[in-house]
Each structure stands twice: as C-alpha cells, then as structure tokens.
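Each chain is listed here by its residues.
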Amino acid sequence: SARFLRIPVFLHESDIVPGLSNRVTFKWAKKIFVSFPKTEYFDPTKTILVGNPIRKELIDGDKKLAGDLFDLTFQKPIILFLGGSQGAEALNDFVLNILNDFLKEFELIHLCGRNNLEEVEAEAQVVINKDLVKYYHPVGFLDEEKLKHAYKVADLVISRSGSGSIFEIAAIGKPSILVPLPSAAANHQAKNAYIYSATGAALVIEQDNLTRNFFLEKINYIFLHPEKLEKMKEEALRFSKPLAGKAIAREILEYFTLET
C-alpha cells in the first residue's frame, strides 16, 4: 500500500534471518535497519546496523526491590530462568527435573508462563526438598516493572534467543545461556544465539542437549571462573546497542531532511 501511495518505506529486521514480509518488501525500502551484522538475504551495502530497540526502563532495576518482590535470600548466586511464551513446557519440565541439584548451589527466579504457573508450583511441591524451598521462586508473568528488577538482581540469565531477549540481556550486561526454540521459523533463534555467543557474551545449549549433567557442568564451570563471568558481562555490554531506537529515528529524519 505504501509503495502504491508513494509513501517512503523503512524496514527494521530484528533477527539474523529476515521474516517473509521483510524479504518481500525490502526492495522498495529507502533504508533497511538490521540488528545483527551480516543479516541474511539483504545486500549488506543497503543495510544500516542499529541493533534492536529495547525498553530503556528495563535498565533501571533495583536489587533491594527485587529482593522484596521475589522474597530472595541472597545466600547464593541468583539465576533468572526465562521460559518464554513458546516452548515453555519443555523448559519448565527440565527445571523441575533438576530442581534439587540446581538449588543446592543457586537461587532461582523461574518465569514459567501464566498458564503453567499452577502446574509448575504443584509439581515443585512434590519434588523439591523442603530445606531448598526458600531458594525457588516461580512466577507466571513479569511485567516491565518486575522484569527490570529481576534482570538487575540476576547473576546469570537463561533464556530463549529471540532478538528482543538477546538485546535486553546485552543492554543490562548480564552473562547468559541461550536455549534456542527448535521450532522457530528458519531456525532464526539458533542463528541469533550463535552469532551472539561468538562475542563471548553467552553460551548456547541446544534444547536436544539440555540434559542434567551437561547443563549443570556448564553452569558450574561459569561460576567457578569469575573471570569468565566478568568477560561475559563486558562482551554483552560491548554488543548492546541501547540507543537503537534513536539511531533509527535519526536515520529517518535525515532522509526527509535531504529529500526536502
């Protein structure tokens, strides 16, 4: 419609693999904004690397408020496990299977999904050792206000690897383990994850490899090497582009300034 009405078209692609609509319409775009270097399909000479815009409010979390909100003990490293809205059941099942081993060393904020919370809480009550209950904090949903505090207090984030999640985690400078959604279109989550992990900011564990021993070995290794954690934080911040929204706005305004 914009093409026929001679309205300038600007595109932003959040993932390493463009979605169908962007693959169809990029030829008419005045400018193409991308989140990752070497985004597939597009001619790199026609793209502008800006990153993926994030909600800037997510950077302003508070550890004390997080402690009150989630009833944290602060006696162990705190892990934020973001199950995601898609494929959360597989991740929730994994958490429950390793819960006791996990809680021996870590405190866990577990975002399991609104529709899954009641079931997860019920199963956790059956499997969890009573002396470890205080270290487990399942939640169904985190709005922006709660999520920013959870991000702030986390020593490590475990997440799916949609572009939005990656750029939020990077902006707050948190080490992460990414578990790509296997059913993601064009396998874009795995490609996002591996491009990001190549910076040193994250580890990638494919869902098929998400086994008790392998996972615990990886996470324990990270926390046994503080220099590894610090390096991951540094690389996350280096990768982040918290001013992506402003960069896009500036490029669009520049276009109209030159046109007029």
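Calculation rules
- Residues numbered from 1 in each chain as written.
- Predicted model: local features only at pLDDT ≥ 70, side-chain atom pairs only at ≥ 80, totals over all residues.
- Heavy atoms only, no water.
- Axes fitted to C-alpha atoms, helices over the stretch in contact; angles between N-to-C directions.
- Helix = DSSP H or I, 4+ residues; strand = E, 2+ residues; numbered from the N terminus.
- Parallel < 35°, antiparallel > 145°, perpendicular 65-115°, else oblique.
- Contact = heavy atoms within 4.5 Å.
- Nonpolar A, V, L, I, M, F, W, Y, C, P; charged D, E, K, R; others polar.
- Expected span 1.5 Å × (residues − 1).
- Buried < 20%, exposed > 50% of the residue type's maximum accessible area, 1.4 Å probe, protein only.
- Arc of directions from axis to C-beta.
- Phe/Tyr/Trp six-rings, centres within 6.5 Å; stacked < 30°, edge-to-face > 60°.
- Lys NZ or Arg CZ within 6 Å of the ring centre and 35° of its normal.
- Pairing = 2+ DSSP bridges.
- Lys, Arg positive; Asp, Glu negative; His and termini not counted.
- Salt bridge = Lys/Arg side-chain N within 4 Å of Asp/Glu carboxyl O.
- Polar contact = N/O pair within 3.5 Å; in protein donor to acceptor, adjacent residues only side chain to side chain.
- 1 Å grid on protein atoms, 1.4 Å probe; cavity = no way out; pocket = protein on both sides within 12 Å on 5 of 7 lines; lining within 4 Å.
- Points joined across faces, edges and corners; volume = space filled by probe spheres on them.

Trainee: I'm lost on the packing of helix α8 (residues 212-224) against helix α9 (residues 226-239) in this one. Help?
Mentor: For any two helices packed against each other, one specifies the crossing angle of their axes together with the interaxial distance. Where α8 meets α9, the axes come as close as 5 Å, and the angle between the chain directions of the two elements is 95 degrees. For the element pair α8 / α9, the angle class is roughly perpendicular. Of the residues in α9, those in contact with Ile222, Phe223 and Leu224 of α8 are Pro226, Lys228, Leu229 and Met232. Residue composition of the contact of α8 with α9, by class: six nonpolar, no polar and one charged.

Trainee: Would you mind showing me how to read helix α10 (residues 244-259) here?
Mentor: Given 3.6 residues per helical turn, the α-helix brings residues three or four places apart onto the same face. An ideal rise of 1.5 Å per residue puts 22 Å on 16 residues; α10 measures up with 23 Å between its terminal C-alpha atoms. Taken as a whole, α10 has its buried residues at Ala244, Ala247, Ile248, Glu251 and Tyr255. Each buried residue of α10 lies within a common arc of 100 degrees when the element is viewed along its axis, so the set occupies one face. In α10, the exposed residues that point more than 90 degrees away from the buried face are Lys246, Arg250, Leu253 and Thr257. Where α10 is buried, its residues contact β1 (9-13), β2 (29-34) and β3 (47-49).

Trainee: Please clarify how the environment of proline 44 should be interpreted in this entry.
Mentor: Within the secondary structure, proline 44 is located in the loop between β2 and β3. Given the relative accessible area of 62%, proline 44 is considered exposed.

Trainee: Honestly, the environment of phenylalanine 36 in this entry has me stumped. Any pointers?
Mentor: With respect to the helices, strands and loops of the structure, phenylalanine 36 is situated in the loop between β2 and β3. When the C-alpha positions of phenylalanine 36 and isoleucine 48 are compared, they lie 9.8 Å apart, and in sequence the two are twelve residues distant.

Trainee: Mind showing me how you'd approach the packing of aromatic side chains here?
Mentor: Geometry of an aromatic ring pair is reported as the spacing of the ring centres plus the angle between the planes. The tally for this structure, following the rule as stated, stands at 14 aromatic pairs. Pairing phenylalanine 10 with tyrosine 255 gives two aromatic rings, centres 5.4 Å apart and planes at 80 degrees, and the pair type is edge-to-face. Here phenylalanine 10 is found in strand β1, whereas its partner tyrosine 255 is found in helix α10, with 245 residues between them in sequence. Ring geometry for phenylalanine 102 and phenylalanine 215: centres 6.0 Å apart, planes at 20 degrees, overall stacked. Placement of the pair is phenylalanine 102 in helix α3 (residues 88-103) and phenylalanine 215 in helix α8, with a sequence separation of 113 residues. Given the relative accessible area of 1%, phenylalanine 215 is considered buried. Within the aromatic cluster, the residues linked to one another by ring pairs are Phe94, Phe102, Phe106, Phe215 and Phe223. In this structure, lysine 76 packs its charged tip against the face of tyrosine 135, placed 3.7 Å from the ring centre. Here the guanidinium or amino end of lysine 241 rests over the ring plane of phenylalanine 239, the centre of that ring lying 5.5 Å away.

Trainee: Explain the sheet that holds β2 to me, please; I cannot follow it from the model alone.
Mentor: In a beta sheet, neighbouring strands pair by backbone hydrogen bonds and run either parallel or antiparallel. Read from one edge to the other, the open sheet built from three strands follows the order β1-β2-β3, with strand pairing classed as parallel. Each end of this open sheet is capped by a strand with a single partner; those strands are β1 and β3. Strand-to-strand twist in this sheet, taken as the mean axis angle between neighbours without regard to direction, amounts to 25 degrees. With three bridges joining them, β2 and β3 adopt parallel strand pairing. Directly across from valine 34, in β3, lies its bridge partner leucine 49. Sheet contacts for α10: β1, β2 and β3; angle to β2, the most-contacted strand, approximately 165 degrees.

Trainee: What exactly am I supposed to notice about the side chain of lysine 76 here?
Mentor: Tracing the backbone shows lysine 76 in the loop between α2 (63-70) and β4 (78-82). As a buried residue without a salt bridge, lysine 76 has its nearest oppositely charged side chain in glutamate 105, at a separation of 6.9 Å. Polar contacts involving the side chain of lysine 76 include one to the main-chain carbonyl oxygen of leucine 103, which spans 2.5 Å. Residue contacts for lysine 76: discarding those within four places in its chain leaves Leu103, Lys104, Glu105, Phe106, Glu107, Leu132 and Tyr135.

Trainee: Is there a simple way to think about the sheet that holds β4 in this case?
Mentor: Within the open sheet, the six strands sit side by side as β6-β5-β4-β7-β8-β9. Their pairing is parallel. Two strands bound the open sheet, and with one partner strand each, they are β6 (136-139) and β9 (202-204). Across this sheet, the average inter-strand angle for adjacent strands is 15 degrees, counted without regard to direction. As defined by bridge partners, strand β7 (residues 156-159) adjoins strand β8 (residues 176-178) across three bridges and the pair is classed as parallel. Bridge assignment links valine 157 to a residue of β8, and that residue is serine 176. Helix-sheet contacts for helix α5 (residues 144-153) involve β4, β5 (107-111) and β7, and the interaxial angle to β4 is about 135 degrees.

Trainee: When you look at the layout of surface pockets in this model, what are you seeing that I'm missing?
Mentor: A probe matching the size of a water molecule, rolled over the atoms, marks out where space remains unfilled. Approximately 180 Å³ is the volume attributed to the second largest pocket. Forming the boundary of the second largest pocket are 15 residues, of which Lys152, Ala154, Ile172, Gly173 and Lys174 lie nearest the centre. Elements supplying a minimum of two residues to the lining of the second largest pocket: α5 and α9. Per-element accounting of the lining of the second largest pocket gives the leading share, four residues, to α5.

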